[in-house]
Structure formats: C-alpha cells, structure tokens
Amino acid sequence: MLSVCIVSLNSCNLLRDCLRSLAENTRAVYEVIITDNASTDGTQAMLEEEFPEVELIQNPQNEGYTRPMNQALQHGRGRFLVQLNPDTVILPGALDKLIAFLDENPQ
C-alpha cells in the first residue's frame, strides 16, 4: 500500500483536482492522509462530501508545512510514503510506475 500525504491551506479546488487525478490515474492500493491548516475555503466540507475515505487531520491554526507533513507521515500505514502538494496532478500510471521501480530496485 502507498500512503499519500498532503498538507493543505485554503486549497479546496486544487486539492479536489489532485485527489480526482489520483483516483483516476492510480491502480495501486493507496490511502490519503491530509493535514489541513485551518482552511476557511470549505476544504473540510469538500473532503467530507466528496472524499470521505480520506483521513483528515485538522489543525486549529496554520502550523506551516513541516509539522503538518510530519503529522500526516506518522499516520501513514503504507509500505511507501509519498509527499504531495495540493496542486499536484497525477499523470496516468505515474505512481504505479514509481512503485514498480522501487520494488525492482530495493537498494
């Protein structure tokens, strides 16, 4: 399993596009952990409505990037951990190819 970790702050629409591209272009089993830094643009509601399978960690204030990413990484249960920004769009098969490469090159 792959753990996809994302930190968000008022990136509702970008995050939606990111998660849609992930779902449409990844065959591997994965989980998504998002740490939200107290967004005020409806991010939390969008995630609950459109992506209920996502694990959401809500910070009461903006904690920057490193601490929230570490929060997400600590929740990851996957064999591989991937850090994404919310404006990332996954190309077809990109993460599947990455996993295959890592499996074939354990060093």
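So, a few notes on the structure that sits alongside this text. (Residues numbered from 1 in each chain as written. Predicted model: local features only at pLDDT ≥ 70, side-chain atom pairs only at ≥ 80, totals over all residues. Heavy atoms only, no water.)

1. Here's the deal with the nonpolar core
Here's step 1: Within the largest apolar cluster, 20 residues are counted, with the highest numbers of intra-cluster contacts made by I6, L19, V32 and I34.
Here's step 2: Elements with a contribution of two residues or more to this core: β1 (2-8), α1 (12-25), β2 (30-37), α2 (43-50), β4 (80-84) and α4 (94-104).
Here's step 3: Of the residues forming this core, the biggest block, 5 residues, is contributed by α1.
Here's step 4: Those residues in contact with I6 that lie beyond four places of it in its chain are L15, C18, L19, V32, I33, I34, T35, M69, L84, N85 and P86.
Here's step 5: Ranked by size, the runner-up nonpolar core spans 6 residues in total, among them C5, V7, I33 and M69. (Core = buried A, V, L, I, M, F, W, Y, C linked by side-chain atoms within 4.5 Å. Buried < 20%, exposed > 50% of the residue type's maximum accessible area, 1.4 Å probe, protein only. Helix = DSSP H or I, 4+ residues; strand = E, 2+ residues; numbered from the N terminus. Contact = heavy atoms within 4.5 Å.)

2. Remarks on unusual backbone geometry
Here's step 1: The backbone phi angle of N10 is positive, close to 50 degrees, even though this residue is not glycine.
Here's step 2: Along the chain, the position of N10 falls in the loop between β1 and α1.
Here's step 3: Residue classification places N10 among the partly exposed positions, given a relative accessible area of 39%.
Here's step 4: Residue A38 is not a glycine yet carries a positive backbone phi of 60 degrees.
Here's step 5: Following the sequence through the fold, A38 ends up in the loop between β2 and α2.

3. Here we look at the environment of E48
Here's step 1: With respect to the helices and strands, E48 occurs in helix α2.
Here's step 2: Distance in space between the C-alpha atoms of E48 and T35 is 14 Å, their sequence separation being 13 residues.

4. Remarks on the pairing of β4
Here's step 1: Burial of β4 is one-sided: the residues F80, V82 and L84 facing one way are buried, the residues L81 and Q83 facing the other way are not.
Here's step 2: Direction of pairing for β1 relative to β4: parallel, over a ladder of 5 bridges. Opposite L2, over in β4, you have F80 as the bridge partner. (Pairing = 2+ DSSP bridges.)

5. Topic: the side chain of T43
Here's step 1: Structurally, T43 can be placed in helix α2.
Here's step 2: When its relative accessible area of 0% is taken as the criterion, T43 is described as buried.
Here's step 3: Of the polar contacts made by the side chain of T43, one reaches the backbone nitrogen of C12; its length is 3.5 Å. (Polar contact = N/O pair within 3.5 Å; in protein donor to acceptor, adjacent residues only side chain to side chain.)

6. Looking at the sheet that holds β4
Here's step 1: Strand order in the open sheet made by the 4 strands is β3-β2-β1-β4, with parallel pairing throughout. The outermost strands of the open sheet, each flanked by one partner alone, are β3 (55-59) and β4. The average undirected angle you get between the axes of adjacent strands in this sheet is 20 degrees.
Here's step 2: The sheet strands contacting α1 are β1, β2 and β4, and the helix crosses β2 at an angle near 175 degrees. (Axes fitted to C-alpha atoms, helices over the stretch in contact; angles between N-to-C directions.)

7. Focus on the state of the cysteines
Disulfides are covalent bonds that link the sulfur atoms of two cysteine residues.
Here's step 1: In this structure the tally under the stated criterion is 0 disulfides.
Here's step 2: For the unlinked cysteine C5, the closest cysteine sulfur is that of C18, found at 12 Å. (Disulfide = S-S within 2.5 Å.)

8. Quick notes on the packing of α1 against α2
Here's step 1: Across the interface, α1 lies against α2 with an axial gap of 9 Å and an inter-helix angle of 25 degrees. One finds that α1 runs roughly parallel with respect to α2. Like other packed secondary-structure pairs, α1 and α2 cross with a definite hand, here right-handed. In this structure, α1 uses C12, L15, R16, L19 and R20 to contact α2, whose residues at the interface are T43, M46, L47 and E50.
Here's step 2: Looking at the contact of α1 with α2 residue by residue, the class counts come to 5 nonpolar, 1 polar and 3 charged. (Parallel < 35°, antiparallel > 145°, perpendicular 65-115°, else oblique. Left-handed = near helix turned anticlockwise from the far one by under 90°. Nonpolar A, V, L, I, M, F, W, Y, C, P; charged D, E, K, R; others polar.)

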